Amino acid sequence: MIDTPLFQRVADEIADAGRFLYSRGWVPATSGNFSGRLDDQHYALTASGRHKGELQRKDILVVDRNGDPVDSQLRPSAETLLHTTLYQHFPECGAVLHTHSVNATVLSKLAGDADEIILEDYEVLKAFQGNTTHDTVERIPLFPNTQDMVQLGKDLAQRLEQQPNIHGFLIQGHGLYTWGRDMNETRRHIEAFEFLFECDMEMRRCSR
Ligand SMILES: [Zn+2]
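Scoring rules and cut-offs
Residues numbered from 1 in each chain as written. Predicted model: local features only at pLDDT ≥ 70, side-chain atom pairs only at ≥ 80, totals over all residues. Heavy atoms only, no water. Donors = N, O, S within 2.8 Å, 3.2 Å for Na, K, Ca; no water. Tetrahedral: all angles 85-135°; square planar, octahedral: opposite > 155°, others 65-115°. Helix = DSSP H or I, 4+ residues; strand = E, 2+ residues; numbered from the N terminus. Buried < 20%, exposed > 50% of the residue type's maximum accessible area, 1.4 Å probe, protein only. UniProt positions renumbered as here; feature names shortened; annotations may be inferred. Pairing = 2+ DSSP bridges. Axes fitted to C-alpha atoms, helices over the stretch in contact; angles between N-to-C directions. Parallel < 35°, antiparallel > 145°, perpendicular 65-115°, else oblique. Left-handed = near helix turned anticlockwise from the far one by under 90°. Contact = heavy atoms within 4.5 Å. Nonpolar A, V, L, I, M, F, W, Y, C, P; charged D, E, K, R; others polar. Core = buried A, V, L, I, M, F, W, Y, C linked by side-chain atoms within 4.5 Å. Phe/Tyr/Trp six-rings, centres within 6.5 Å; stacked < 30°, edge-to-face > 60°.

Q: What is the right way to look at the coordination of the zinc ion in this model?
A: Six octahedral donors around a metal ideally sit at 90 or 180 degrees from one another, while four tetrahedral donors ideally sit at 109.5 degrees. E79 (OE), H98 (NE2), H100 (NE2) and H174 (NE2) make up the full set of protein donors to the zinc ion, lying at 2.1 to 2.4 Å. Each of the four donor atoms bound to the zinc ion contributes to angles spanning 90 to 153 degrees, and the resulting shape is irregular. The sequence pattern describing where the donors of the zinc ion fall on their chain is E-x18-H-x1-H-x73-H. In this pair, E79 sits in the loop between β3 (60–64) and α2 (80–89) while H98 sits in strand β4 (residues 95–99), placing the two residues 19 residues apart along the sequence. As far as burial versus exposure is concerned, E79 and H98 are alike and both buried.

Q: Can you help me understand the UniProt feature "domain: Class II aldolase/adducin N-terminal" (unreviewed entry) in the chain in this one?
A: Using the residue numbers shown here, the UniProt feature "domain: Class II aldolase/adducin N-terminal" (unreviewed entry) corresponds to residues 12–201. Helix makes up 34% of residues 12–201 and strand 22%. Its end C-alpha atoms lie 33 Å apart.

Q: What's the story with the sheet that holds strand β5 (residues 116–120) in this structure? I'm lost.
A: In sheet architecture, strand pairing relies on hydrogen bonds along the backbone and comes in two forms, parallel and antiparallel. Taken in spatial order, the eight strands line up as β3-β2-β1-β4-β8-β7-β6-β5 in an open sheet, and their pairing is mixed. Either end of the sheet is taken by a strand with one partner, and the two such strands are β3 and β5. Taken pair by pair, the neighbouring strands of this sheet meet at an average axis angle of 20 degrees, ignoring direction. One ladder, built from five bridges, connects β5 with strand β6 (residues 137–143); its direction is antiparallel.

Q: It is not clear to me how unusual backbone geometry should be interpreted in this structure. Could you clarify?
A: Excluding glycine, residues mostly have negative phi values, and the peptide bonds linking residues are mostly trans. The backbone phi angle of A29 is positive, close to 55 degrees, even though this residue is not glycine. Position of A29 among the secondary structure elements: in the loop between α1 (5–23) and β1 (33–37). A29 gets classed as exposed once you look at its relative accessible area, which sits at 70%. Although it is not a glycine, D121 adopts a positive phi angle of roughly 60 degrees. Along the chain, D121 falls in the loop between β5 and β6.

Q: Would you mind going over the packing of α1 against helix α5 (residues 183–206) with me for this structure?
A: When two helices pack together, their arrangement is given by the angle between the helix axes and the distance between those axes. Remark: α1 packs on α5, axes separated minimally by 11 Å, with the N-to-C direction vectors making an angle of 20 degrees. Accordingly, the angle class assigned to the pair α1 and α5 is roughly parallel. Remark: the crossing between α1 and α5 carries right-handed chirality. Note on element contacts: α5 touches α1 through M183, R187, I190 and E191, opposite E13, I14, D16, A17, F20 and L21. Of the residues contributing to the contact of α1 with α5, the split by class is six nonpolar, no polar and four charged.

Q: Just checking my understanding: could you explain the nonpolar core for this structure?
A: Inside soluble globular proteins, nonpolar side chains tend to come together where they are buried. One finds I14, L21, L170 and F197 to be the most contacted residues of the largest nonpolar core, which totals 38 residues. Elements represented by at least two residues in this core include exactly α1, β3, β4, α3 (102–110), β5, β6 and α5. Sorting elements by how many residues they give to this core places α1 first, with eight residues. Sequence-distant contacts of I14, defined by excluding residues within four places in its chain, comprise F34, S35, G36, A44, T46, L55, I60 and M183. A47, F143, F169 and W179 belong to the second largest nonpolar core, which has 21 residues in total.

Q: What exactly am I supposed to notice about the packing of aromatic side chains here?
A: The geometry of an aromatic ring pair is captured by the separation of the ring centres together with the interplanar angle, meaning the angle of the planes. Within this structure, the stated rule accounts for eight aromatic pairs. An angle of 90 degrees between the planes, with centres 5.5 Å apart, marks the rings of F143 and F169 as edge-to-face. One end of the pair, F143, is in strand β6; the other, F169, is in strand β7 (residues 168–171), and 26 residues separate them in sequence. There is no split in this pair, since F143 and F169 are both buried. Measuring from centroid to centroid gives 6.2 Å for F169 and W179, while their planes differ by 45 degrees, and the two rings are tilted. With F169 in strand β7 and W179 in strand β8 (residues 175–180), this pair connects stretches of sequence that are 10 residues apart.

Dropping the structure here:
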């Protein structure tokens, strides 16, 4: 295992994020996966099937740009290619978090055949990097769920070309991906998304 001070710092940030996200109920039953950039060629990523509230350095491995493990017997998450696609598309991306919350899962199913969810006129939209006003529209691409991560990675790359200013995407009946320049920004993004999803769900309940 690569065990440099940089890896240790990034792995500890991932484990800390895992404890927080698990405590909020957003990564139940070993679901979700998290990563942090080490350099242009390498990323620290959670191993498959680990309890996300109890992560330790030994549960985190290094993968290369192709998603292949580097100097590790651990099996990377099945969704590794989505992480590497994001790092390669956004040179400034420093961390990626993927959660399976109730609100993200239900909202994505309620969207039916839509290919995006739109959130607008919420003060919390300012939490997303680059947004300076509530008077903005946050478009969240929605992809059908699949186990074919190669194809989903290609679909994601294509969508990122078309919509470079997004902060996250949803996979239907599955969960949310978001990213940021570092782990703190990414955690802020995931909290903002979850707050907005909760608001959107509440609005739907109230407007019945
Ligand atoms: Zn997932």
